[in-house]
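The lines below spell out each chain.
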Amino acid sequence: MTDTAPAPPLPDGQALAALVAGKLCHDFISPAGAISSGLDLLKDPTAQDMRDDAMGLIEASAKKMVALVAFARVAFGASTSAERFSGAELGELVAGLTDGGRATLEWRVDAGDFSKAQSRALVNLAYLAMAALPSGGAAVISATRGEGLTIAGVAEGPRARLKPEAVAGLAGRPLAEGLPGQWIQPYWLWLTANDAGGSLEVAVDEGRVALSAHMPN
């Protein structure tokens, strides 16, 4: 008889908050560091010939930081004054974070509004669909209303894939091994759908990743 090690527990409370905070710090550190580097160049009297480059670096990094903060407020459920968000607003959040990457985004979401839980699921799913295309391709995001709301993201590209950590998170399974930072956002999407009384489906084929969240109205 072979002993089977118990599965690690799912994070809760402080552990979950620490993982989300770690994910956000990881995302913020790159543009914040670039802004700091740009400011150092501006203050360096021996690097005045690089002033234009420094200003360009600061401007691009500040824009990235603002996009990250705006996205995180909706994606991770921070307090906002809005109770509902329009499809156009959510599309701008995702585009602001993914523009300039190798993959293209097609936003097929109507102009109707979405609850906080639906919005959280929509932007996280869209982001993960884009992240499944590290070598480029196209992601199509759509939302269909009926008895409930179905959010779909289809990513197609030459190396479309989900990392093992993402597969575990999207299934609501604890992270057995791998990087917590690659696991927490997929798990957060699963948790968002599950807590709202919805469900999440994932299909991975060669060159194609399909994510689908079913949310109540």
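Computed from a prediction, not measured in an experiment: that's the story for all the values here. (Residues numbered from 1 in each chain as written. Predicted model: local features only at pLDDT ≥ 70, side-chain atom pairs only at ≥ 80, totals over all residues. Heavy atoms only, no water.)

**Student:** How should the packing of aromatic side chains be read in this particular structure?
**Tutor:** The description of an aromatic ring pair rests on the distance of the ring centres and on the angle between the ring planes. This model, assessed by the stated rule, comprises 4 aromatic pairs. Each ring, one from tyrosine 187 and one from tryptophan 190, has its centre 5.6 Å from the other, and the planes form 25 degrees; the classification is stacked. In this pair, tyrosine 187 and tryptophan 190 are both assigned in helix α6 (residues 180-195), 3 residues apart and thus about one turn of the helix distant. Among the aromatic residues, those joined into a ring-pair cluster are Trp183, Tyr187 and Trp190. Note that arginine 145 overlies the ring of phenylalanine 114, its terminal NZ or CZ placed 4.4 Å from the centroid. (Phe/Tyr/Trp six-rings, centres within 6.5 Å; stacked < 30°, edge-to-face > 60°. Helix = DSSP H or I, 4+ residues; strand = E, 2+ residues; numbered from the N terminus. Lys NZ or Arg CZ within 6 Å of the ring centre and 35° of its normal.)

**Student:** Whenever I open this one, the packing of helix α1 (residues 14-43) against α6 confuses me. Can you help?
**Tutor:** For any two helices packed against each other, the geometry comes down to the angle between their axes and how far apart the axes lie. Remark: α1 packs on α6, axes separated minimally by 9 Å, with the N-to-C direction vectors making an angle of 115 degrees. When the axes of α1 and α6 are compared, the crossing they make is left-handed. Along its contact with α1, which presents Leu16, Leu19, Val20 and Lys23, the element α6 presents Pro180, Gly181, Trp183, Ile184, Gln185, Tyr187, Trp188 and Leu191. Looking at the contact of α1 with α6 residue by residue, the class counts come to 9 nonpolar, 2 polar and 1 charged. (Axes fitted to C-alpha atoms, helices over the stretch in contact; angles between N-to-C directions. Left-handed = near helix turned anticlockwise from the far one by under 90°. Contact = heavy atoms within 4.5 Å. Nonpolar A, V, L, I, M, F, W, Y, C, P; charged D, E, K, R; others polar.)

**Student:** Which parts of the structure should I look at to understand the pairing of strand β4 (residues 137-145)?
**Tutor:** Within a regular strand, the side chains alternate between the two sheet faces. Looking at chain direction, strand β2 (residues 103-108) and β4 are connected through 6 bridges and run parallel. Counted as the bridge partner of alanine 103 is glycine 137 from β4. Looking at chain direction, β4 and strand β5 (residues 148-156) are connected through 8 bridges and run antiparallel. In the strand pairing of β5, alanine 138 is matched with glutamate 156. The hairpin formed by β4 and β5 contains 2 residues between the paired strands. (Pairing = 2+ DSSP bridges.)

**Student:** Would you take a moment to explain the pattern of salt bridges for this structure?
**Tutor:** Where charged atoms from two side chains of opposite charge come close, those side chains can pair. Applying the stated rule across the entire model yields 5 salt bridges. Here aspartate 113 makes a salt bridge to arginine 84, at a shortest N to O gap of 3.1 Å. On the criterion of sequence distance, the pair formed by aspartate 113 in strand β3 (residues 113-115) and arginine 84 in strand β1 (residues 84-86) is long-range, its members being 29 residues apart. Classification of aspartate 113 as partly exposed rests on a relative accessible area of 38%. Here arginine 208 ties to glutamate 156 by a salt bridge, and the two come within 3.4 Å at their closest N and O atoms. With arginine 208 in strand β7 (residues 208-216) and glutamate 156 in strand β5, this pair connects stretches of sequence that are 52 residues apart. Look at arginine 208 and you get partly exposed, because its relative accessible area is 31%. Since its relative accessible area comes to 45%, glutamate 156 is described here as partly exposed. (Salt bridge = Lys/Arg side-chain N within 4 Å of Asp/Glu carboxyl O. Buried < 20%, exposed > 50% of the residue type's maximum accessible area, 1.4 Å probe, protein only.)

**Student:** Honestly, the sheet that holds β4 in this entry has me stumped. Any pointers?
**Tutor:** Strand pairing in a sheet takes place through backbone hydrogen bonds and is either antiparallel or parallel in direction. The 5 strands lie next to each other as β2-β4-β5-β7-β6, forming an open sheet whose pairing is mixed. Two strands in the sheet have a free side with no partner beyond their single neighbour: β2 and β6 (199-205). Going across the sheet, the axis of each strand differs from the next one's by a mean of 10 degrees, ignoring polarity. Where β5 meets β7, 9 bridges bridge the pair, whose relative direction is antiparallel. What sits directly across from leucine 149, in β7, is methionine 215.

**Student:** Even after reading the chapter, I still don't get the nonpolar core, so can you show me in this structure?
**Tutor:** In a soluble, globular protein the nonpolar side chains are often hidden away together inside. Core analysis: the biggest nonpolar cluster contains 52 residues, and Leu90 and Ile151 have the highest contact counts within it. Residue contributions to this core peak at 8 residues, all from helix α4 (residues 116-131). Among residues more than four places away in sequence, those in contact with leucine 90 are Val74, Phe85, Trp107, Phe114, Ser119, Leu122 and Val123. (Core = buried A, V, L, I, M, F, W, Y, C linked by side-chain atoms within 4.5 Å.)

Treat this as a map of the structure, not an account of what it does.
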